[in-house]
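# Coordinates in review
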Amino acid sequence: MEAGERTVTLATVDTWLKKANVSGLAVEGVRGMWHVARRHGDNADQPVQVWFIGWIDAEGKAHTIRLWAPLIVPGLLQTWDYSYHVFRAGGLSHDRATELTDGRMERQKVFERSSPPVVVAIIDETVLHREIGNREVMAKQCKRLLDVSEHPSVHIQVVRGASAGLGGMLALADGSQGTVLLSGSTLEDIVTADAQQVQAASAIVDAVRGAAKSTGETRVILGEALTRWTA
């Protein structure tokens, strides 16, 4: 394995970490790196997004996921076509956008767990009006949000007007070992478990949720958006 002649298994990685007395978030980071490396194994020329290491693992193990999305639909709730066009809009090639979209769809299997996490997704209403791809893509995305809002562990709320979260997207994964924060930036997103940053982000998400419409009112808004895109 060290010579690169055999693929390192996740079980071997865990054994190495245990022998080296590595624990906590560092373990999740290395395990996340393994998953990313496996996903990019056939595309060695593509850079690994280091900032994302640790988030995939934290998201997959979380009992509660809180999302604030002021610009686009959160990845966990995106359709394949919507996700693909988001990546294409960012300048990625067809092959790379397809690869990343497939990976995003893989993450959505978290809903198939025997005990899926509670997902609280707060979306700015402008997201529903911003055309990604074309009208058909947007119609399918709005229908997806309506459908997933009926999932017993998913709570979607829409915010109208200004809010405390206009600074950017935030995602918080609450797990047995604490909370991991993913914060959005134009240049590079940041993943951290720093207590002060997590606390600050939680306060913002709570404030935004307090200003959001109820889940029932949100379903009406989603239905209106679906009608607009299908008209």
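Rules and cut-offs
- Residues numbered from 1 in each chain as written.
- Predicted model: local features only at pLDDT ≥ 70, side-chain atom pairs only at ≥ 80, totals over all residues.
- Heavy atoms only, no water.
- Pairing = 2+ DSSP bridges.
- Helix = DSSP H or I, 4+ residues; strand = E, 2+ residues; numbered from the N terminus.
- Axes fitted to C-alpha atoms, helices over the stretch in contact; angles between N-to-C directions.
- Contact = heavy atoms within 4.5 Å.
- Buried < 20%, exposed > 50% of the residue type's maximum accessible area, 1.4 Å probe, protein only.
- Phe/Tyr/Trp six-rings, centres within 6.5 Å; stacked < 30°, edge-to-face > 60°.
- Salt bridge = Lys/Arg side-chain N within 4 Å of Asp/Glu carboxyl O.

### Structural notes on the sheet that holds strand S4 (residues 170–175)
- Sheet architecture is open: six strands sit in the order S3-S2-S1-S4-S5-S6, paired in mixed fashion. In this open sheet, the two strands that pair with only one neighbour each are strand S3 (154–159) and strand S6 (190–192). Each adjacent strand pair in this sheet contributes to an overall mean axis angle of 10°, direction not counted.
- Pairing between S4 and strand S5 (residues 178–183): six bridges, direction antiparallel. Paired with Ala173 across the bridge in S5 is Val180.
- Across the sheet, helix H8 (residues 195–211) is in contact with strand S1 (64–69), strand S2 (118–124), S3, S4, S5 and S6; its angle to S4 comes to roughly 110°.

### Re the side chain of Ser83
- Here Ser83 is to be found in helix H4 (residues 80–89).
- When its relative accessible area of 0% is taken as the criterion, Ser83 is described as buried.
- Once residues within four sequence positions are removed from consideration, Ser83 is found in contact with Gln78, Thr101, Arg104 and Met105.

### Observations regarding the packing of aromatic side chains
- Taken as a whole and judged by the stated rule, the model has one aromatic pair.
- Ring geometry for Trp80 and Tyr84: centres 5.4 Å apart, planes at 10°, overall stacked. Within this pair, Trp80 and its partner Tyr84 are both found in helix H4, separated by four residues, close to a single helical turn.
- The partly exposed category is assigned to Trp80, whose relative accessible area is 30%.

### Quick word on the pattern of salt bridges
- Applying the stated criterion to the full structure yields ten salt bridges.
- A salt bridge links Glu59 to Arg107; the nearest nitrogen and oxygen atoms lie 2.8 Å apart. With a gap of 48 residues between them, Glu59 in helix H3 (residues 55–61) and Arg107 in helix H5 (residues 94–107) connect regions that are remote in the sequence. For the pair Glu59 and Arg107, a shared accessibility class is recorded, and that class is buried.
- Three or more residues are tied together by salt bridges with common partners; here these are Glu125, Arg160 and Glu224.

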